[in-house]
Amino acid sequence: MKRHRPTRVDSLRVRACVLVLCCASSVAAADDESADLAGLALEDLLQIKVTTAARKPQSLRSTPAAVFVISREDIERSGAASVPEALQMAPGVQVGRISSGSWAISLRGANSRFADKLQVLVDGRSVYTPLFSGTVWEDRELMLEDVERIEVVRGPGGALWGSNAMNGVINIITRRAQDTQGTLVSAAAGTEQRGWLAVRHGFSVGDSHSGRIWAKRRLSDASDRPDGAAGYDDGRNTAGGLLWESRLGGGHIFTLQAGASSTRHGEELDLTRYTFGGAPIPGRLDSQENHLLMRYAGIADSGADYSLQVSYAHSSFAVDNAVGPIDDARNTLDIDFQRREPRGGRHDVIWGASYRHTSDQLNVQLIGGFIRPPSRSTTWTSVFVQDDITLLPERLHLVLGARVEESNLDKPEVQPTARLIFTPDGSHSVWAAASRTTRQPSRALRDFNADLGPFPQPPLAGGFRIRSAGGGRDMRSETATSLELGYRYRSGPLTVDVAAFATRYRHQAEYVNVFNGVVALPAPTLLAEFEVRASDDSRAHGLELAADYRPRTDWSLHGAYTYTDSTALDRTFRADIPLTNFFIYSADARHRLSLRSLWNLTPRLKFDAWLRHTSRVEPADIPSLTGLDLRLAWTPRSGLELSLVGQNLLHARRVHYAADTLPSSSLAIERGAYVKAVWSF
């Protein structure tokens, strides 16, 4: 891909471009250079601007945090058909594929289908649901050709991004409207990826206004059961959207974004561990989301830049099966303001405030479980400030920041951070950080109650019953204290990025047995009662490594290794009491390895390989797995690329992960292949 070369532009356009880069919340805007990371020289690679780590653009080299950037070209050459597949190339990211369309994704451990220590943003808009405090990845259907980059910031991000950024932030940034002019058609057909059709059209009105509209529909085939029988998880994803950007007088920028998505997948619940027997229950999972986002950004006469972003989303999540529905309908309003004020050269201050209001309507009647009250409104307000202090120009920086956050369900929480980075020369940089973050309990942990049974318990005529109660409104927030140390090195064709961390979690949710005995109900019954309490403490530590090696201009190697160990991996849950882990269960692999080779055989022919290894998933006891994807791409003429992709080529079928909160039956992901054509004109 041809690199973008800057040209002379008038002063207004310069202000506009600078503004877009300087507003971290204006993350829809992105630098063209980031789209072609694999083709950049190493010096340019380290100068790539990232915005998520500090809510301002800064180079990877000068960022005192563990950051990994997945570029548009990385996504394209990986053969990934969805964002979760692409995230497997980043160190520190735990990705577990449950079925053809459902995923478990977390950062630095504590993985589960709705991992609750991760903030996920799409163009600056938070998309996690307060129901589970997790992300419904099925809803994140995007046109991958329009994803500029994915910034993965590992480690505490609460000081800048608030609750739920306990273990990090994943920020999916799409391209600017002015960079997606014309029409693009992407079509694919295959075995497991049955196919998709995506169309985007970009347009301009004069020199100051540009936009695009897009639509996509993707079909996926059902996976296999471990015994080879057909699975149930075939599905479809449909999404579309609009982006409009206006560069106004005085360098101000107005952005309007709207989108809608709908997903439907098979969902078979295996409730045997909760109900002492019975067969898995087939059903369907439907999720939908409609959203609207507006952003206004400008530069004040003092030189400070600012942005105001307002977004509204209506989402629904429904599991329909014979043992009772799970329905969540939700409205969410987000308002975010930030202002950046460089002061006197030594201080670079960013401050801001945010407001979130969400209201839900729930209908949960799963195997005797229910959520009360059926509707609830929650409001979060917060203010934050961060100062990047230059102690030695180009050598030593100290970053101090904090956020104060309060909700109508919890007391104010302070989330401070302190970061230091030392760059003795152009080849080395060392950074360290200490942070405290918090996470409010999810709606489910506060309000989920259950009454299971009776189950046979001879000689007791009333059998055995299990009851549990949620933590309620008084349940306190979980906290995490983290220490991080990082090092970056560049020499010739080699770059290395290493980060180590240790985190102590406090006030985590756990089921506590508060009563166990025989009662008269009206017949003699063995009763076990549990309460969810914020009383569990645990620890996690790990090491993350990313390395690039570019021996030739037409060939590059990219590696990532992750080691994660945590208290949760060594735990076993009581098999005789089937309600000790609902909404809490987590499972991870201690070791993950990703190796990618990107080789331009000729200017028109590319051959790419991606080898992945995951150690045994604990405590779910899923065996270790090695996978291989291959991609061959041919460009017969400008604007047209044809490719053939093979995925999971080393095994006919293998189970990758075990579901938890929604206990879906385990499925085996099959070997697959698809052909793809991308035509732009």
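Definitions and cut-offs
- Residues numbered from 1 in each chain as written.
- Predicted model: local features only at pLDDT ≥ 70, side-chain atom pairs only at ≥ 80, totals over all residues.
- Heavy atoms only, no water.
- Helix = DSSP H or I, 4+ residues; strand = E, 2+ residues; numbered from the N terminus.
- Buried < 20%, exposed > 50% of the residue type's maximum accessible area, 1.4 Å probe, protein only.
- Contact = heavy atoms within 4.5 Å.
- Areas by Shrake-Rupley, 256 points an atom, 1.4 Å probe, with all protein chains shown as cover.
- Pairing = 2+ DSSP bridges.
- Patch = residues over 30% accessible without salt bridge, like charges linked within 9 Å, V, L, I, M, F, W, Y side chains within 5 Å.
- Salt bridge = Lys/Arg side-chain N within 4 Å of Asp/Glu carboxyl O.
- pLDDT = per-residue confidence, 0-100.
- Core = buried A, V, L, I, M, F, W, Y, C linked by side-chain atoms within 4.5 Å.
- Polar contact = N/O pair within 3.5 Å; in protein donor to acceptor, adjacent residues only side chain to side chain.
- Phe/Tyr/Trp six-rings, centres within 6.5 Å; stacked < 30°, edge-to-face > 60°.
- Lys NZ or Arg CZ within 6 Å of the ring centre and 35° of its normal.

Considerations on the overall build of the protein
On a plain count of helices and strands, the protein comes out with seven helices and 38 strands. Sorting the 681 residues of the protein into buried and exposed places 59% on the buried side. Residue pairs at least 24 apart in sequence account for 64% of intrachain contacts in the protein once pairs closer than 6 positions are excluded. Accessible surface, the protein as shown: approximately 25,600 Å² in total, 59% of it carbon and sulfur.

Some points on the sheet that holds strand β3 (residues 66-71)
Read from one edge to the other, the open sheet built from five strands follows the order β3-β8-β9-β6-β7, with strand pairing classed as mixed. At either margin of the open sheet sits one strand with a lone partner, and together these are β3 and β7 (125-126).

Some words on a nonpolar patch on the surface
On the surface, a cluster of nonpolar side chains totalling about 490 Å² of accessible area is made up of W599, L601, F607, L632, L644 and V675. Relative to the helices and strands, L644 resides in strand β35 (residues 640-647). Of the residues examined, L644 reaches a relative accessible area of 47% and is grouped as partly exposed.

Concerning the confidence of the model for the protein
Within the protein, residue pLDDT values average 87, and 89% of them lie at 70 or more. Considering only residues more than four positions removed or in separate chains, one finds that residues 1-38, a stretch of pLDDT under 50, has 105 contacts.

Concerning the nonpolar core
Core analysis: the largest hydrophobic core is formed by 32 residues, its most contacted members being F317, V319 and L662. Those elements that provide at least two residues to this core are β16 (305-321), β18 (347-364), α7 (443-447), β24 (448-457), β25 (460-469), β27 (494-521) and β28 (523-552). Core analysis: the next-biggest nonpolar cluster, separate from the first, contains 28 residues, A90, I105, V120 and W610 among them.

A look at the environment of T238
Mapped onto the elements of the fold, T238 is located in strand β13 (residues 235-247). Along the backbone, T238 and S261 are 23 residues apart, and their C-alpha atoms lie at a distance of 5.6 Å. Leave out the neighbours within four places in its chain, and T238 touches K216, R217, A260, S261 and S262. Polar contacts involving the side chain of T238 include one to the side chain of R217, which spans 2.8 Å.

Considering the packing of aromatic side chains
By the definition in use, this model includes eight aromatic pairs. Relative to F317, the ring of F132 lies with its centre 6.1 Å away and its plane at 75°, an arrangement referred to as edge-to-face. Here F132, found in the loop between β7 and β8 (147-154), pairs with F317, found in strand β16; they are 185 residues apart in sequence, far enough to count as distant. Accessibility assignment for this pair places F132 and F317 in one class, buried. An aromatic cluster of three or more residues is present, and its members are F114, F132 and F317. A cation over an aromatic ring shows up here: R356 above the ring of Y128, its NZ or CZ 5.2 Å from the ring centre. A cation over an aromatic ring shows up here: R612 above the ring of W610, its NZ or CZ 4.5 Å from the ring centre.

Considerations on the environment of S262
For S262, the location among the structural elements is in strand β14 (residues 253-266). Residue S262 is classed as partly exposed on the basis of its relative accessible area, which comes to 31%. The spatial distance from the C-alpha of S262 to the C-alpha of R236 is 8.3 Å, given a sequence separation of 26 residues.

Examining the pattern of salt bridges
According to the stated counting rule, one finds 52 salt bridges in the structure shown. A salt bridge links R113 to E138; its shortest N-O distance comes to 2.6 Å. You can see R113 sitting in the loop between β5 (103-107) and β6 (119-122) and its partner E138 sitting in the loop between β7 and β8, a full 25 residues away along the chain. A relative accessible area of 2% places R113 in the buried class. Classification of E138 by relative accessible area gives buried; the value is 5%. Where D447 meets R376, a salt bridge forms, and the shortest distance between an N and an O atom there is 3.1 Å. Pair noted here: D447 is in helix α7 and R376 is in strand β20 (residues 375-392), with a separation of 71 residues, a long-range link. The class for R376 is buried, based on a relative accessible area of 13%. Through salt bridges with shared partners, a single ionic network connects E73, E76, R77, D608, R631 and E641.

Regarding unusual backbone geometry
Cis geometry is found at the peptide bond from R372 to P373, where omega equals 0°. Along the chain, P373 falls in the loop between β19 (369-371) and β20. Between P458 and P459 the backbone carries a cis peptide bond, its omega angle lying at 5°. Its location among the elements puts P459 in the loop between β24 and β25. One non-glycine residue, E394, adopts positive backbone phi at about 65°.

Here's the deal with the pairing of strand β31 (residues 591-602)
Both faces of the sheet carry side chains from a regular strand, because those side chains alternate between them. Pairing geometry for strand β29 (residues 555-566) and β31, over nine bridges, is antiparallel. From the neighbouring strand, L557 faces β31, where its bridge partner is S597. Relative to strand β32 (residues 605-614), β31 runs antiparallel, the two sharing 10 bridges. By the bridge assignment, N600 is partnered in β32 with K606.

Brief notes about the environment of R194
With respect to the helices and strands, R194 occurs in strand β11 (residues 193-205). Assessed through its relative accessible area of 42%, R194 is described here as partly exposed. Separated by 479 residues in sequence, R194 and A673 have C-alpha atoms that sit 9.3 Å apart. Beyond its immediate sequence surroundings of up to four residues, R194 is in contact with A188, A189, L219, S220 and D221.

Concerning the pairing of β28
Pairing geometry for β25 and β28, over six bridges, is parallel. Following the sheet pairing, I466 is matched in β28 by A528. Note: β27 against β28, 25 bridges, orientation antiparallel. Residue pairing in the sheet places A520 in a bridge with P524 of β28. Direction of pairing for β28 relative to β29: antiparallel, over a ladder of 11 bridges. Counterpart to G542 in the pairing with β29 is T564. The antiparallel hairpin formed by β28 and β29 contains two residues in its connecting segment.

Focus: the side chain of E289
Position of E289 relative to the elements: it lies in strand β15 (residues 283-299). For E289, a relative accessible area of 8% translates into the label buried. At 3.0 Å, the side chain of E289 forms a polar contact with the side chain of R125. Not counting the four nearest positions on each side in its chain, E289 is found in contact with R125, D139, R140, G259, A260, S261, H314 and S315.

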